[in-house]
Amino acid sequence: MPTSTVEDYLKQILLAQQRAAGKLVPTGQIAAELKVAPGTATAMVKTLADSGLVEHQPYSGARLTDSGRQLALHVLRRHRLVELFLVKVMGMDWSEVHGEAEQLEHVISDRLLVRMDEMLGFPAVDPHGDPIPDASGVVADKQLPTLLACALDASMQIERVADQDAAFLRFLDSQGLTPGSTVVVRGREPAAETVTIEVEERGGQVSLSFAAAAKIMVAALREEGSQQEP
Ligand SMILES: [Zn+2]
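On a predicted model such as this, the values are computed, not experimentally measured, just so you know. (Residues numbered from 1 in each chain as written. Predicted model: local features only at pLDDT ≥ 70, side-chain atom pairs only at ≥ 80, totals over all residues. Heavy atoms only, no water.)

## Quick word on the coordination of the zinc ion
Consideration 1: Protein coordination at the zinc ion: the donors are His79 (NE2), Glu83 (OE) and His98 (ND1), at 1.8 to 2.0 Å from the metal.
Consideration 2: On the basis of relative accessibility, which here comes to 4%, the residue His79 falls in the buried class. (Donors = N, O, S within 2.8 Å, 3.2 Å for Na, K, Ca; no water. Buried < 20%, exposed > 50% of the residue type's maximum accessible area, 1.4 Å probe, protein only.)

Okay, structure coming up:
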């Protein structure tokens, strides 16, 4: 059994690789994300390299090996299933489950995980819209446009929110900006760095900063009448 520290490193490297299309992850970045000293991260990355879990290139960074990636995907699977379980079964708010899952992801047994997966109906995404890797470590990772870059004046469904900050998630909730909601981007103002969004269910408009809009991923909804039967 890898220690929870090892699991945290592997998961963090996997998430960074997903954001950077598989490039080497600088150890400085790993240190910053795990809030440890750069020397600590470098030493740990070397240990992981000795165990065959990462490839380490001094001065440029690290990348997961196949076995490191499998372990990391399994941690991510536990994390995301736990989050969904806490929301769906235990009735917790989506803004408060990330911290709990950070702990539980290291201790949930495979047996419990299988049972949770069953109870939830083998879900594909967690409460934030993040894809849940399946039991064999396969994860769907579709690239989606964000509210900063999607088409204007078109109905979009919120698919995923790439931020776990509790205050930000509560704000999104208060504005109806949660996965599954339908929104239309009405305008972007570069001078003020704001995006104006209409939230379909509520009918009102809300203004988001460019930074906030960039964290919300959407998919175009098909126009009515253009749906094709398979
Ligand atoms: Zn989380």
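Next comes the rest of the write-up.
## So, the side chain of Thr182
Consideration 1: Tracing the sequence through the fold places Thr182 in strand β4 (residues 182-189).
Consideration 2: Under the relative-accessibility criterion, Thr182 is labelled buried at 11%.
Consideration 3: Not counting residues within four places of it along the chain, the set of residues in contact with Thr182 comprises Ser155, Met156, Gln157, Glu198, Val199, Glu200, Glu201 and Leu221. (Helix = DSSP H or I, 4+ residues; strand = E, 2+ residues; numbered from the N terminus. Contact = heavy atoms within 4.5 Å.)

## A short note on the pairing of strand β2 (residues 61-64)
Consideration 1: Bridging between strand β1 (residues 54-57) and β2 involves four bridges; their strand directions are antiparallel. If you follow Val54 over to β2, its bridge partner there is Leu64.
Consideration 2: What sits between β1 and β2 in their antiparallel hairpin is a turn of three residues, with Tyr59 showing a positive phi close to 70 degrees. (Pairing = 2+ DSSP bridges.)

## Some points on the sheet that holds strand β7 (residues 216-220)
Sheet strands associate in pairs through backbone hydrogen bonding, adopting either a parallel or an antiparallel arrangement.
Consideration 1: Read across the sheet, five strands follow the order β6-β5-β4-β3-β7 without closing on themselves; strand pairing throughout is antiparallel. Sheet topology places β6 (205-209) and β7 at the edges, where each strand pairs with a single neighbour. Neighbouring strand axes in the sheet, compared pairwise and without regard to direction, differ in orientation by 45 degrees on average.
Consideration 2: Note that strand β3 (residues 155-161) and β7 share five bridges and pair antiparallel. Paired with Met156 across the strands is Ala220, a residue of β7.
Consideration 3: In the packing of helix α7 (residues 166-174) onto the sheet, the strands contacted are β3, β6 and β7, and the crossing angle to β3 comes to about 155 degrees. (Axes fitted to C-alpha atoms, helices over the stretch in contact; angles between N-to-C directions.)

## Observations regarding unusual backbone geometry
Across residues other than glycine, the phi torsion is negative in most instances, and most of the peptide bonds are trans.
Consideration 1: The phi dihedral of Phe122 is positive, around 55 degrees, even though this residue is not glycine.
Consideration 2: Here Phe122 lies in the loop between α6 (110-119) and β3.
Consideration 3: The phi angle at Glu193 is positive, at roughly 55 degrees, despite the residue not being glycine.
Consideration 4: Checked against the element boundaries, Glu193 lands in the loop between β4 and β5 (194-199).
Consideration 5: The class of Glu193 is partly exposed, set by a relative accessible area of 48%.

## Examining the packing of helix α4 (residues 66-88) against helix α5 (residues 97-104)
Consideration 1: In contact at an axis separation of 9 Å, α4 and α5 are set at 130 degrees when each is read in the N-to-C sense. The angle between α4 and α5 places the two elements in the oblique class. With respect to the hand of their crossing, α4 and α5 are arranged in right-handed fashion. Judged by residue contacts, His79, Val82, Glu83, Leu86 and Val87 of α4 engage Val97, His98, Glu100, Ala101, Glu102 and Leu104 from α5.
Consideration 2: Per-class residue counts for the contact of α4 with α5 are six nonpolar, two polar and three charged. (Parallel < 35°, antiparallel > 145°, perpendicular 65-115°, else oblique. Left-handed = near helix turned anticlockwise from the far one by under 90°. Nonpolar A, V, L, I, M, F, W, Y, C, P; charged D, E, K, R; others polar.)

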